[in-house]
Amino acid sequence: MRIANTFWTRFVGLMLQKPLPSATGLLITSCNSIHMCFMRFAIDAVYLDKQGKILKIVRNLRPWLGVSVCWQAHSTLEMTAGEADWLGFEVGQTLKEIK
């Protein structure tokens, strides 16, 4: 998993990149909203609180069209579309490795 925790890495995110390998993602810290401008593939967005608890899952955000917000979130995990279901993520679950 990659981590985006600086202004530049949060700004760039996954824009203009190829789809991520299975079971990987980009964790954007201090992030409660995302857009899909300049994205080349659909993603799942998993919103987390400070303890890594899943607050919201938005599936299949389409490139160029999607926008998503979770006001209570501390961070957002972006993964290739379908990964949240494949990994069995559910709202309320805590991801232990996320700090």
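### Notes on the pattern of salt bridges
It is possible for side chains bearing opposite charge to pair when their charged atoms get close.
Phase 1: Enumeration according to the criterion identifies one salt bridge in this entry.
Phase 2: We note a salt bridge from Asp-85 to Arg-59, for which the minimum N-O separation is 2.8 Å. Taken as a pair, Asp-85 in helix α2 (residues 83-86) and Arg-59 in strand β5 (residues 54-61) lie far apart in primary sequence, 26 residues in all.
Phase 3: For Asp-85, a relative accessible area of 48% puts it in the partly exposed group.
Phase 4: On the accessibility criterion, Arg-59 (40% relative accessible area) is partly exposed.

### Observations concerning the nonpolar core
Phase 1: If you look at the biggest cluster of nonpolar residues, it comprises 17 residues, and the most contacted ones within it are Leu-14, Ile-34, Met-39, Ile-43, Ala-45, Tyr-47 and Leu-61.
Phase 2: For this core, the secondary-structure elements that each account for two or more residues are β2 (26-29), β4 (43-48) and β5.
Phase 3: Among the elements that make up this core, the one with the highest residue count is β4 (three residues).
Phase 4: Discounting residues that sit within four places of it in the chain, Leu-61 has contacts with Ile-34, Met-36, Phe-41, Ala-42, Ile-43, Ala-45, Gly-66, Val-67 and Ser-68.
Phase 5: Judged by nonpolar contacts, the second largest core, of 10 residues, contains Val-46, Leu-48, Ile-54 and Leu-77.

### Section: the environment of Met-36
Phase 1: Note that Met-36 resides in the loop between β3 (33-35) and β4.
Phase 2: You can call Met-36 buried: its relative accessible area is 1%.
Phase 3: For Met-36, the residues in contact, after removing those within four places along its chain, are Phe-41, Ala-42, Ile-43, Leu-61, Arg-62, Pro-63, Trp-64, Leu-65 and Gly-66.

Reading the values: the criteria
- Residues numbered from 1 in each chain as written.
- Predicted model: local features only at pLDDT ≥ 70, side-chain atom pairs only at ≥ 80, totals over all residues.
- Heavy atoms only, no water.
- Salt bridge = Lys/Arg side-chain N within 4 Å of Asp/Glu carboxyl O.
- Helix = DSSP H or I, 4+ residues; strand = E, 2+ residues; numbered from the N terminus.
- Buried < 20%, exposed > 50% of the residue type's maximum accessible area, 1.4 Å probe, protein only.
- Core = buried A, V, L, I, M, F, W, Y, C linked by side-chain atoms within 4.5 Å.
- Contact = heavy atoms within 4.5 Å.

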